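In case you want the letters, here they are:
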Amino acid sequence: MKQLLLSILFAAISFSSLAQQKYTISGRVRDQKNGEELIGVSVLVKELNTGTVTNGYGFFSITLPQGKYTVILSYVGFENQTIEVDLSKDVVLKPELKESKIELKEVVVKSDKPNANVESTRMSVVQVDVQTLKKMPALMGEVDILRGLQFMPGVQTGGEGSTGFYVRGGNVDQNLILLDEAIVYNPSHLFGFFSVFNSDAIKDVELYKGGIPAQYGGRLSSVLDVRMKDGNSKRFSASGGLGVISSRATVEGPLVKDKGSFIISARRTYGDLFLKLSPDEEVNKSRLYFYDFNAKLNYTINDNNRIFVSGYFGRDVLGFDKSFSQDWGNATGTLRWNHIFNKRLFSNLTFVTSRYDYGLEAEPEESQGFEWRSDMADQTIKSDFTYYLNPKNTLRFGAGITWHSIFPGEAGPNNPNSYINKQSLPVSNSLEHYYYVSNETKVNTRLTLDYGLRLSVFHNQASAWVYQYGPNNLGYKPDLRDSTYYGSGSIYNTYTGIEPRLSMKYSLNESSSVKASYNRTYQYMHLISNTNSPSPTDIYINSSPNVKPQYADQVAAGYFRNFQNNTLELSTEVYYKKMYNQVDYIDNAYLFLYKHIESQILAGTGTSYGFELMAKKKTNKIDTWISYTLSKTDRKIDGINDNKAYPVRYDHRHNFSAVFNYEKSKKWTLSANFIYITGGAFSAPDARYEFDGYVVPYMTTRNNYRMPAYHRLDMSATLHPKKKSETAKYESYWVFSLYNVYARKNAYSIVFRQREGYTDQYQAVKTYLFTFIPSVSWNFKF
Amino acid sequence: MKRTHILFSILAFASVALFSSCEEVIDYDLDTAESKLVIDGLISDQPGPYYVKLSLTAPYLKNEPTARVSGALVIVKDDLNNVDTLKEELPGNYKTSASFPQGQVGRTYSLLVSYKGKNYTASGKILPVANIDSLSYIYRKEGVSYPEDGYYVTMYAQEPAGQGNSYRFKFLQNGYFSNRSDRFVIANDEFVDGNYITFTTPFPVNMNDTIVLEGQSLTPEAYLYYMALVTQMNPNGFFDSPPANLPTNISGGALGYFNTVAIKYRGIRIK
């Protein structure tokens, strides 16, 4: 299989002009100020009008015939740098780009290649600029990259205040969320109100909604690639801030000047400190906080070898008096070795570990006291290569293996007097390995193709009981037909996925292009949640003999055009996505620590299609965009909803948002954003009946009604007090935010019930979480 | 699930009162589904008569009681072939005759309802229920597990060994039964199989009150039905499951449940 793939790939590559002597220009592009490597810098060879962009490690390589060349490096927010190269041997560059001073009355984006939007083969990619995000109004002043994504086309929100996101009809578990290449299973704090990403520690965020490159896999709908900062390699610096609910601190600096650096960033909420002040004993004994800890080290051994170590640790703790407590958190670790074999072959060897765990404890002093723990962990080894074959072809290939272990939980007594029995579910182990190869080829000046193939293989590993179920499963009552035990270590089930990936770009002219992509993706994990919100207790299960892997096919096409000297970007895309083996739970499913959980779910197909539009205007004063999504997503699962298709809860027909940032003066930046989303689907009763004195709702179909539309306006103002002097290291700024300016009572949920105290009156009751929320944060840097 | 709501309110407070979920009554248009027959029947091991109530579904937001169903044929039978045709005592309320033998643990009962040319059937077995050994009470201050100051009654019982027992507890306060959702309690032995268990009422009572605790045995199917009913009492909450229809044991397309239970009582007076 792999042989065949490689030969097809190589056959497609044109080995033109082999006779001429060729040399390679390569190097890493850094930020002059702090030594951070810059991702996605455009590297243009003026004479040939060809170029490349730097990879995730700031590295680029381009191989050209012998000659004299002008290389122009350009990057948004930085001054262009022009380097003259006399290419008569391989050349290694170590360029450092200088941040453009906004004070200089020049247009920031002014370079030969600012039209990456039009030029790049990539489509369906959303980039979140952390610096822009910091100026935008934020809920309670907490800058949140996940919430920032919700102002982008094709991304639906998980509800008021939620950082949960749904990409092009895919569920939350279908997002591959990577923090320095480690999977983050639960990206939220405080039940989704805040994400685990501390914006101070984040360098770069990219979301792939489609045209997913072959090096990414394991999730169906999107890839959110979050990279931590490397740390300032020039000098020590510290930054931080105080907000309404949390404070942050970051220190960074060189380990060995220009050789290595570190960054440590921490954040903690302090709502619980206020709790202690309460005179109410119940309240002041309660605990409620979360914290995050990010750290990263990198060391350059020599020009060809570099090591990175990064880690994240975060935790939420929630306790109510002595009688109830909950805690959960993620931990990830990444060890990477960048190795440049030669000027054209860049490689990355990565070890990743990721863990999510959850615990709950009730009544530690009472006879009904119990505790519950569950966790899941991953270990990955992978190797990725980029081979800069010639200016026309860039090959990427690699392989990896991941060990997954999911421990669904153990519940038992937490004190000697407890009458609770211990119950435990077995660990579910699996092994996933993959191989990929892709080639980005510039067929001619107009057409660029990026095609590749990924092969993924999944094994369930014993020991395990495998149950066989009939068709008549009920909540807590499986239709059990047979069971088989597989002894320790054996592989008892295997799935294979062949995942073609293709993106293409055709330039119509300098300022417009059309693009298209197709990808198939496989996912061997399934989130089983029947709660209305993402909850720490949400359960992941492995694919198994009963649960087939999910896979999806997506096609997308788009038209991209820049106007007004590339200061106005327009992107439009349409997509169609078909998702297979999508699971949903049966009516009244029982999911709590249940060994027959596989009997409580059914699988079917999901369909999503839509139109997305984004228009972005960026000048030195104004950074603004509007985003619009028209989409439809539904599921059809035999055995649910009378086998008829039904909309998913996050099926919002229209989703419009507008973001506006205006730098009024050196001192003040003003921002506003507005969002309008038509209501998602929910289940509501078409009738009621009486049973044993209780009122019972009756629904004819699942998700048969719509929530009212959601809309909200937020505003903020950022104040940069005048620095002591131009060269002063110390600077600070204030952000004043208003969330939901016109205090709309957006419905979080709607319930139907008997009016309290009346037996013959019935009501629809809306719950809303927030109205108008002001907040302020103070941030510093030196 | 109740507890998580309390937690959420604490969460609310903790975030410097910025999280504050509020409720508001709104206008909402709901469709009217075609009305369906609802059957609510119960056979217990206590002396009869036993009742089967028939009614119809109603539009949810229409402020009127559900319609009673009169003129149906209602027949109850046990597995010893004792057959009884129930008499309509009040509109929609059908009663077994005095000759129908008292329900017994281990017996299986079936129900046939014939209405407007359609037949609906159900059956269930009366499973044994554990003895309530004793009750005690203690005065508690308001706290996490205690919604208000007051006397809380604790029950002591031996849960019989063998997985799969399910129970419902009902409370009669001074002879009065309340259908408030915080007094709706069901339990199963999943985590307490074969243990000596205690259970404290989730609500307080007053000095001089008489409390009778009624323990019912539920079939596993009835437990699922009641579990779904509990979920319905507070759908769309933060950690709750989205609403779904209750799983009935009645075939033929009717809603409701035909329940068969054994009952044990024990009472105490607060003094």
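Structure first, text after, so check above.
Below is a summary of the structure that appears in this document. (Residues numbered from 1 in each chain as written. Chains lettered and ligands numbered in written order. Predicted model: local features only at pLDDT ≥ 70, side-chain atom pairs only at ≥ 80, totals over all residues. Heavy atoms only, no water.)

## Structural notes on the packing of aromatic side chains
The geometry of an aromatic ring pair is captured by two quantities: the separation of the ring centres and the angle between the planes. Inspection of the entire model under this criterion finds 50 aromatic pairs over all chains. Taken together, a centroid distance of 5.1 Å and an interplanar angle of 15° make the contact between Phe-385 of chain A and Phe-397 of chain A stacked. Of this pair, Phe-385 of chain A sits in strand E26 (residues 370–390) while Phe-397 of chain A sits in strand E27 (residues 393–413); the two residues are 12 residues apart in sequence, bridging distant segments of the chain. A relative accessible area of 28% means that Phe-397 of chain A is categorised as partly exposed. Ring geometry for Phe-660 of chain A against Tyr-662 of chain A: centres 6.4 Å apart, planes inclined by 25°, an arrangement best described as stacked. Taken together, the aromatic side chains of Phe-682, Tyr-705, Phe-752 and Tyr-762 of chain A together with Tyr-28 and Tyr-60 of chain B make up a single cluster linked through ring pairs. Lying across the ring of Phe-560 of chain A, Lys-515 of chain A places its NZ or CZ 4.2 Å from the centre. (Phe/Tyr/Trp six-rings, centres within 6.5 Å; stacked < 30°, edge-to-face > 60°. Helix = DSSP H or I, 4+ residues; strand = E, 2+ residues; numbered from the N terminus. Buried < 20%, exposed > 50% of the residue type's maximum accessible area, 1.4 Å probe, protein only. Lys NZ or Arg CZ within 6 Å of the ring centre and 35° of its normal.)

## A closer look at the side chain of Asp-623 of chain A
Residues and elements named next belong to chain A. Take Asp-623: it is sitting in strand E40 (residues 622–636). No salt bridge is formed by the buried Asp-623. Its closest oppositely charged neighbour is Lys-618, at 4.0 Å. Here Thr-132 takes part through its side chain, which lies 3.4 Å from a polar atom of the side chain of Asp-623. Excluding anything up to four places from it in sequence, Asp-623 contacts Thr-132, Lys-616, Lys-617, Lys-618, Val-659, Phe-660 and Asn-661. (Lys, Arg positive; Asp, Glu negative; His and termini not counted. Salt bridge = Lys/Arg side-chain N within 4 Å of Asp/Glu carboxyl O. Polar contact = N/O pair within 3.5 Å; in protein donor to acceptor, adjacent residues only side chain to side chain. Contact = heavy atoms within 4.5 Å.)

## Concerning empty space enclosed by the protein
Empty pockets left among the atoms are what a rolling probe the size of a water molecule brings to light. Residues and elements named next belong to chain A. Summed over the entire model, instances satisfying the criterion amount to 12 cavities of 30 Å³ or more. Considered as a void within the structure, the largest cavity measures approximately 560 Å³ in volume. Listing elements by their share of the lining of the largest cavity, those giving two or more residues are strand E43 (668–677), strand E44 (681–682) and strand E48 (710–719). For the lining of the largest cavity, a count of residues per class yields 14 nonpolar, 14 polar and four charged. One number sums up the size of the second largest cavity: a volume of about 300 Å³. If you go around the second largest cavity, you meet 23 residues; those closest to its centre are Val-172, Tyr-185, Asn-186, Pro-187 and Tyr-540. A per-element tally of the lining of the second largest cavity places strand E13 (residues 175–179) first, with three residues. (1 Å grid on protein atoms, 1.4 Å probe; cavity = no way out; pocket = protein on both sides within 12 Å on 5 of 7 lines; lining within 4 Å. Points joined across faces, edges and corners; volume = space filled by probe spheres on them. Nonpolar A, V, L, I, M, F, W, Y, C, P; charged D, E, K, R; others polar.)

## Observations concerning the environment of Glu-690 of chain A
Position of Glu-690 of chain A relative to the elements: it lies in strand E45 (residues 687–691). The exposure class assigned to Glu-690 of chain A is partly exposed, which follows from its relative accessible area of 34%. A polar contact is formed between the side chain of Glu-690 of chain A and the side chain of Thr-66 of chain B, at a distance of 3.5 Å. For Glu-690 of chain A, the side chain forms a polar contact with the side chain of Arg-68 of chain B, separated by 3.3 Å.

## Thoughts on the sheet that holds strand E4 (residues 50–53) of chain A
Residue and element names in this part refer to chain A. Strands sit in the order E4-E3-E6-E7 across an open sheet of four strands; the sheet is antiparallel. The outermost strands of the open sheet, each flanked by one partner alone, are E4 and strand E7 (81–87). Pairs of neighbouring strands in the sheet enclose a mean axial angle of 20°, with direction left out of account. Relative to E4, strand E3 (residues 42–45) is paired through four bridges, and the arrangement is antiparallel. Within E4, the residue paired with Val-45 across the bridge is Thr-50. (Pairing = 2+ DSSP bridges. Axes fitted to C-alpha atoms, helices over the stretch in contact; angles between N-to-C directions.)

## Concerning helix H2 (residues 220–233) of chain B
Here H2 of chain B contains 14 residues, and its C-alpha end-to-end distance of 20 Å stays within 8% of the 20 Å for a straight helix at 1.5 Å per residue. Listing the buried residues of H2 of chain B in full gives Ala-222, Tyr-223, Leu-224, Tyr-225, Tyr-226, Met-227, Ala-228, Leu-229 and Gln-232 of chain B. In this structure, the buried side of H2 of chain B is in contact with E45 and strand E46 (694–698) of chain A together with strand E12 (166–173), strand E14 (185–188), strand E16 (210–218) and strand E17 (255–261) of chain B. (Expected span 1.5 Å × (residues − 1).)

Function cannot be inferred from these measures alone, as they are strictly geometric.
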